[in-house]
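# Coordinate analysis (summary)
Take a look at the letters that make up each chain.
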Amino acid sequence: MTTTESNQTQGRRSGRRDRAAAAPVAGSAGAVEVTNARKVFNGFEAVSDISFTVPAGSFTTLLGASGSGKTTMLRLLAGLERLDGGTIRMDSTVVASARPATHVAPEARRVGFVFQTFALWPQMTVFDQVAYPLKVRRQRERLRERVRDALALVGLAELADRYPSELSGGQQQRVSIARAIVYEPKVLLLDEPLSSLDAELREYMCYELQRLHRRLGLTMVYVTHAQSEALTLSDQVIVMARGKILETGTPRQVYERPKCLETAGFVGGSSVLRGVVAERSGQDGVRVRLDCGGQLWVSPRGVTGDAAVGAAVALAVKPEDLAVAPDGADRNCLEATVEAVAYVGSHCDLSLELGGERFRARTSKSTDANVGDGIRVRVDQEAIRLFPA
Ligand SMILES: Nc1ncnc2c1ncn2[C@@H]1O[C@H](COP(=O)(O)OP(=O)(O)OP(=O)(O)O)[C@@H](O)[C@H]1O
C-alpha cells in the first residue's frame, strides 16, 4: 500500500468527513534517486557530483547558505535545467541523464513546483490559476471538481472567485500550492516557499505544510536556508555547501550530532573553540586545553576522528549548551567577559569573549548580566562536538 492509500484508509477509518479526505488530490508518492548530478553554468559548477535518495512519501529538505546550489538541484529535479553529469530517477525510471542524453520534459515528470515568488497571474481568478495546469495537460474531465478539491485542501474553497490582489500573502502562497498539486504529482518541489512571508505567517504556514504533507502523503522536496524550517518540517535534511552535500540525516542528527564543523556552525549556530587534546580517558572522554584559555571535557560520543593527545582540534558548542555556572561548579566552566546582551523575551542571548575568542550563550531571561561583566559559564560536556582542526 502506498502512503497515500494508507492515508486514505486512515481517513476513512477515522471517519473524517471533509471532502478533501474523501477525494485526495495527490496520486501515489514517488521515490527520487539522484546519482552524481552535475550542473555547470559558464564553467562554474553550481551542482558538483552529488548523490542522494528521497524515499517515497518523505519530506526532504535541501538546506544551505545562499549560492550552495539548492535551487539548481531542485530545478534539475523539475526538469527546468538539464544535467551536465549524472542521472535522476523517479520511481526507478530515468527522467534525466547526461549520458546517454535523456531529458523528460517538466510536464511529463509528475512533479509540482512551488516558487518563492508565488508566480500567480494577476488577471486570473484563483479558480483559473489552479485549473491552468489541468488545461495545459488537456485533463478536462472532472476539472471543476479537481480544482475545488485542491482549493479545499489548502483551505481556500471559499475564495475561488478572487483575484491575487484580493488575497493575503499566505493565501497567495496557498493558491500556488493548490496549483502545484491539482494534477496529482508524485513529487512536490518547493523553493523557499515561505521566504516572502512575514515571520508570524511563516511559522503558521510551516504547520500548514506539515498538515498538508501528512494528508497527501506526497513526496516533498523543500529548499530553504532557514534551519528552523528544515528542522520543523523534514524527515530528512540534506545540508549543502558549494554545490556539494556536507551531510544527510534526520533533523536531530544534523542538529545534535553533526558530522562536520561546517554543519555544526550552519545548522546549530555553534561557536567554535580551538585547542589541543591534553588527555584521553575511556570513561570521561577527551580533555581539551583551549587556545583562548581554560579547558573543556568532551564526552566520548562527541568525538569525531582520532583526537590523539597533542592533536589540534576544534570544538563546536551550541549557544543553548552553555549556562551560567551554578555556585561551586568547577568542571567544564569558563571565565568569560560579556560583550553584548540581547534580551529576546523567552531568553537572553549573550556574546562572550575569552582570550580573544568569541562565543555565544543562550541563557535564562532572568539573567542580569551586563556588558563588561565577568561571567562563569558551564558548557554541557555531553553536547560538545569535537572535530579534527
Ligand atoms: N542560470 C545561471 N547562470 C549562471 N549561474 C547560475 C545560474 N543559476 C545559478 N547560478 C549560480 O550557481 C550557484 C548556485 O545557485 P543556486 O541558485 O542554486 O543557489 P541557492 O543555494 O539556491 O542560493 P539561494 O538560496 O540564494 O537561492 C550560484 O553561484 C549562482 O550564481
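- An unreviewed UniProt entry lists the protein under the name ABC-type quaternary amine transporter, from Phytohabitans suffuscus.

### Some points on the overall build of the protein
- Scanning the protein from N- to C-terminus turns up ten helices and 21 strands.
- For the protein, the spread of C-alpha atoms along the principal axes amounts to about 75 × 50 × 45 Å.
- Counting every position in the protein, which comprises 389 residues, the buried fraction comes to 39%.
- Long-range contacts, defined as pairs at least 24 residues apart, comprise 67% of the intrachain contacts of the protein with a sequence gap of at least 6.

### With respect to unusual backbone geometry
- Of note, the bond from Arg-99 into Pro-100 is cis; its omega dihedral lies within 30 degrees of zero at -5°.
- For Pro-100, the location among the structural elements is in the loop between strand 5 (93-97) and strand 6 (102-103).
- With a phi close to 55°, Asp-49 is a non-glycine residue in the positive phi region.
- On the secondary structure map, Asp-49 appears in strand 2 (residues 44-54).
- Overall, the presence of 14 C-beta atoms within 10 Å leaves Asp-49 in the partly exposed class.
- The phi torsion at Glu-192 lies on the positive side, around 40°, for a residue other than glycine.
- Along the chain, Glu-192 turns up in the loop between strand 8 (187-191) and helix 7 (199-216).

### Remarks on the sheet that holds strand 12 (residues 271-281)
- What the five strands build is an open sheet, ordered 14-13-12-15-21; its pairing is antiparallel. At either end of the open sheet lies a strand with only one pairing partner, and these are strand 14 (295-298) and strand 21 (385-388). Taking the axes of each pair of neighbouring strands and ignoring which way they run, one obtains an average angle of 40° across the sheet.
- Taken together, the four bridges between strand 15 (residues 312-317) and strand 21 define a ladder with antiparallel strand orientation.

### Observations regarding the environment of Ala-180
- Positionally, Ala-180 belongs in helix 6 (residues 169-181).
- Each C-alpha atom, one on Ala-180 and one on Val-130, is 7.9 Å from the other, the two residues being 50 residues apart in sequence.
- For Ala-180, the residues in contact, after removing those within four places along its chain, are Gly-112, Phe-113, Val-114, Pro-185 and Leu-188.

### Let's talk about the site of the ligand
- As a structural note, the neighbourhood of the ligand is formed by 13 residues, with Phe-41, Ala-46, Ser-66, Thr-71 and Thr-72 the closest of them.
- Elements with a minimum of two residues in the shell around the ligand: strand 2 and helix 3 (70-78).
- Ranked by the residues each element gives to the shell around the ligand, the list is headed by helix 3, at three residues.
- Split into classes, the residues belonging to the shell around the ligand amount to three nonpolar, nine polar and one charged.

### What about the environment of Thr-53?
- Its place among the elements puts Thr-53 in strand 2.
- Under the C-beta neighbour-count criterion, Thr-53 is labelled partly exposed, with 15 such atoms within 10 Å.

Each value, and the rule that gives it
Residues numbered from 1 in each chain as written. Predicted model: local features only at pLDDT ≥ 70, side-chain atom pairs only at ≥ 80, totals over all residues. Helix = DSSP H or I, 4+ residues; strand = E, 2+ residues; numbered from the N terminus. Buried ≥ 20, exposed ≤ 12 C-beta atoms within 10 Å, placed from the backbone. Contact = placed C-beta atoms within 7 Å. Pairing = 2+ DSSP bridges. Axes fitted to C-alpha atoms, helices over the stretch in contact; angles between N-to-C directions. Near = placed C-beta within 6 Å. Nonpolar A, V, L, I, M, F, W, Y, C, P; charged D, E, K, R; others polar.

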